[in-house]
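Structural features, examined
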Amino acid sequence: MFPYPMSALVPRLFAPPLSRPGLFPALVRRGRCGFICSAKGAHGGNKKKLTVTEKLKFGNAAPSLDILQAPKPRDDEGEPSTSGSGPESTSRAAAYVMESNVLQVAWRRVLRELSSLPRAIAIMALIAVLSGLGTFIPQNKPLDFYLTNYPEGPDKVLGFLTYDLILALQLDHLYSANYFYLAIGLLAASLAACTYTRQWPAVKVAQRWRFITRPEPLLKQGRTEMLPNARIQDLGAILIQRGYQVFLKDGSLYGFKGLAGKLGPIGVHAALLLCLFGTAWSGFGTLKGSVMCPEGQEFEISSYLVPSSPIAVMPDAATKVVHVNRFLIDYRPDGSVAQFYSDLTLLDPRDGGREVLRKTISVNDPFRYKGVTMYQTDWSLSAVTVRVLGQDSPLARAAEAAQAAAARTEDSTPEGVATSATSSSSGGGSSSADTGIGERTAFNLPMASLEGKPGVAGRLWATFLPLGAPSPDGSAPRGISILARDPQSVVFYDASGQFVGVRRPGSGKPITVEGLQLVVEDVVGATGLELKNDPGVPMVYAGFGGLMVTTLVSYLSHSQVWALQQGSNLFVTGRANRAKLSFEREMDEVLNAVPELLRPTTATEPPPSNAAANAP
């Protein structure tokens, strides 16, 4: 029995293609499957092409004669027309038709230009060139960077590239330039036009159930096989077993499979449009900024997020506060930096400073919370903590006075004070051994970066410990200079600029400078974070994921099979848009699997001899 419910398959009714004279087999060859036939259809008559003026005037179809027909003369010429069929109404209708036809012709021409493959390739090449320039020229740098690295005169980069040319062509922020967004918009319009004019109509055509009721149109499909003594139901059952969707109607069969291969190019275009839209949304809706926050300090996210355009919206997570618990640098055995770590806590000030999330981030392991991402990008030294051993020095007495004032006010040191002092009971054996005094005084000295200063190579931080009050004549005060290139070591210089020694923070070993015994307790680091809220990133990721899937789907072959039952003969043909050799092999296997019916014995044929069967 035929396993497919033929009665349930009621196809749409489409008019069969018109047959033309002269469509008879040009080559007939007897084989296993019957006759292999091929033919060429006759070319239709030549059509008269419309001129550009005629196209602009009438469009692709001539206007209706009923609309442009002149009104019949009336007997009452002096009375105004109330039916709307007078000369003025007819002229307005004609003008409306002319205007609509002109708009239709213009719209079709725009679609044809946008869907042009050479133009789409040119637009993609332009975007690739602009992206290459954005990679070659550093983006979003300060003006001083371009003035230094792209000077005028004989030192021009590549002989012509200068800072004024970069600024004039917006090459310093190329990915947010107007012409870059224009190129993206043109590519998106080209993809949409190609999908609308080419891909989607092809899918609609592939969805139709197209039956062939005469052998002549069947021959136009290409290779056609004729199976003698075969049934169309048997062919349909074999095609169903191979994954085809089969439809039967009045001795005609249509089957297809791989319709997803037709939808694949549309999916590719949709994924590309999603990527382009996400890129544009990232350009207009991104908020980003950077912050350098010392250990123990905190900052509000919204204070450092800068919108890229007026339409950018501040996320809800920007109201949270980030507290830097600790900044650490991990070193390799040879002394080189292995990794940077920042221990961050996210607080909600609207809920009494409740801890929302805590995480230790590092390079390539950012902090993410509801659309806001914080990257570990930089570091710095914010302060150095030194202790002065002994109570007889002016610095120790000043520290004690500051401590007493702080105790009276029960408050922290106000902003603007360069140093802060705290005292504690003795606990280090080295201080008691050197001074015999159990009290030590600590100074938290802020450090400033000297990077880029004349005579300074690399990264360097410095601070100054004054030894007395400023001179009334405005001369440079006497003091101790403290320098550091990393948190591992601190260098001391005396008031005359002579090198004194190096100490490691936390070692507890004092150093004597200008008569003072100093101990380096700690070097306070600062973490450099890049804050970013990019609403287009999920869309770009989704677009690339869809692009990979739909690209694979588009390689699926869309195969179609037609068959027509003519008496005991079965005509079969088919075609595929891809993998044509595989399709031909599959068709050979299908046709070879169709069973051949036995012909009934006629009266003129002699009966078979039974002598061999009756032999003893």
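Residues numbered from 1 in each chain as written. Predicted model: local features only at pLDDT ≥ 70, side-chain atom pairs only at ≥ 80, totals over all residues. Heavy atoms only, no water.

Taken together, the side chains of W107, V110 and Y196 make up a nonpolar region of the molecular surface, amounting to roughly 360 Å² of accessible area. Examined against the element boundaries, Y196 turns out to sit in helix α7 (residues 178-206). (Patch = residues over 30% accessible without salt bridge, like charges linked within 9 Å, V, L, I, M, F, W, Y side chains within 5 Å. Areas by Shrake-Rupley, 256 points an atom, 1.4 Å probe, with all protein chains shown as cover. Salt bridge = Lys/Arg side-chain N within 4 Å of Asp/Glu carboxyl O. Helix = DSSP H or I, 4+ residues; strand = E, 2+ residues; numbered from the N terminus.)

Formed by 24 residues in total, the largest nonpolar core has its most connected members in V384, I480, F492 and L518. Going through the elements one at a time, β9 (321-331), β13 (372-389), β15 (439-446), β17 (461-466), β18 (479-486), β19 (489-493), β21 (511-513) and β22 (516-533) are the ones with two or more residues in this core. The biggest single contributor to this core is β13, with five residues. Not counting residues within four places of it along the chain, the set of residues in contact with I480 comprises T463, F464, L465, L467, F492, Y493, V513, E514, L516 and L518. (Core = buried A, V, L, I, M, F, W, Y, C linked by side-chain atoms within 4.5 Å. Buried < 20%, exposed > 50% of the residue type's maximum accessible area, 1.4 Å probe, protein only. Contact = heavy atoms within 4.5 Å.)

Take the confidence of the model for the protein chain next. With 72% of its residues at a pLDDT of at least 70, the protein chain reaches an overall mean of 76. pLDDT under 50 marks residues 1-84. Its contacts with residues more than four places away, or in other chains, come to 108 contacts. Residue range residues 609-616 is modelled with pLDDT below 50. Its contacts to residues more than four positions away, or to other chains, number zero contacts. (pLDDT = per-residue confidence, 0-100.)

With six of its eight residues buried, strand β24 (residues 569-576) lies for the most part within the structure. Inspection of the sheet shows strand β3 (residues 224-228) paired to β24 by five bridges, in the antiparallel sense. By the bridge assignment, E225 is partnered in β24 with V572. One ladder, built from eight bridges, connects strand β23 (residues 559-566) with β24; its direction is antiparallel. When the sheet's bridge partners are listed, A563 is paired in β24 with V572. Counted along the chain from β23 to the antiparallel partner β24, the turn is two residues long, and its residue G567 has a positive phi close to 65 degrees. (Pairing = 2+ DSSP bridges.)

Residue pairs three or four apart in sequence face the same way in an α-helix, which turns once every 3.6 residues. For helix α4 (residues 117-136), which comprises 20 residues, the first-to-last C-alpha distance of 29 Å matches the rise-based estimate of 28 Å (1.5 Å per residue) to within 8%. The elements touched by buried residues of α4 are α7. (Expected span 1.5 Å × (residues − 1).)

Our next topic: helix α13 (residues 537-554). Given a rise of 1.5 Å per residue, 18 residues ought to cover 26 Å, and the 25 Å separating the end C-alpha atoms of α13 matches this to within 8%. Within α13, burial applies to M539, V540, G543, L547, T550 and S554. Angularly, the buried residues of α13 cover 95 degrees about the axis, an arc narrow enough to put them on a single face. Exposed residues on α13 whose side chains face more than 90 degrees from its buried face are P538, Y541, M548, V549 and L552. Contact partners of the buried residues in α13: α10 (260-285). (Arc of directions from axis to C-beta.)

Another point: the sheet that holds β9. Taken together, the four strands give an open sheet; going across it, the order is β7-β9-β10-β11, and neighbouring strands pair in antiparallel fashion. What marks the edges here is a single partner per strand, and that holds for β7 (298-300) and β11 (354-362). Here the strands of the sheet are splayed against their neighbours by 25 degrees on average, with no regard to which way each runs. Two strands pair when backbone bridges link them, and β7 and β9 are joined in this way by three bridges, in the antiparallel orientation. Looking across to β9, one finds that F299 is bridged to V322. (Axes fitted to C-alpha atoms, helices over the stretch in contact; angles between N-to-C directions.)

The strand order across the open sheet formed by five strands is β16-β17-β18-β19-β20, and the pairing between neighbours is antiparallel. One side of each edge strand has no neighbouring strand; the edge strands of this open sheet are β16 (448-449) and β20 (499-503). Two elements, β19 and β20, share four bridges in a ladder whose sense is antiparallel. What sits directly across from V491, in β20, is V502.

So, on to the side chain of S380. You can see S380 is positioned in strand β13. Given the relative accessible area of 13%, S380 is considered buried. A distance of 3.0 Å separates polar atoms of two side chains, one belonging to S380 and the other to W461. S380 has contacts with M292, W461, G525 and A526, leaving out every residue within four places of it along the chain. (Polar contact = N/O pair within 3.5 Å; in protein donor to acceptor, adjacent residues only side chain to side chain.)

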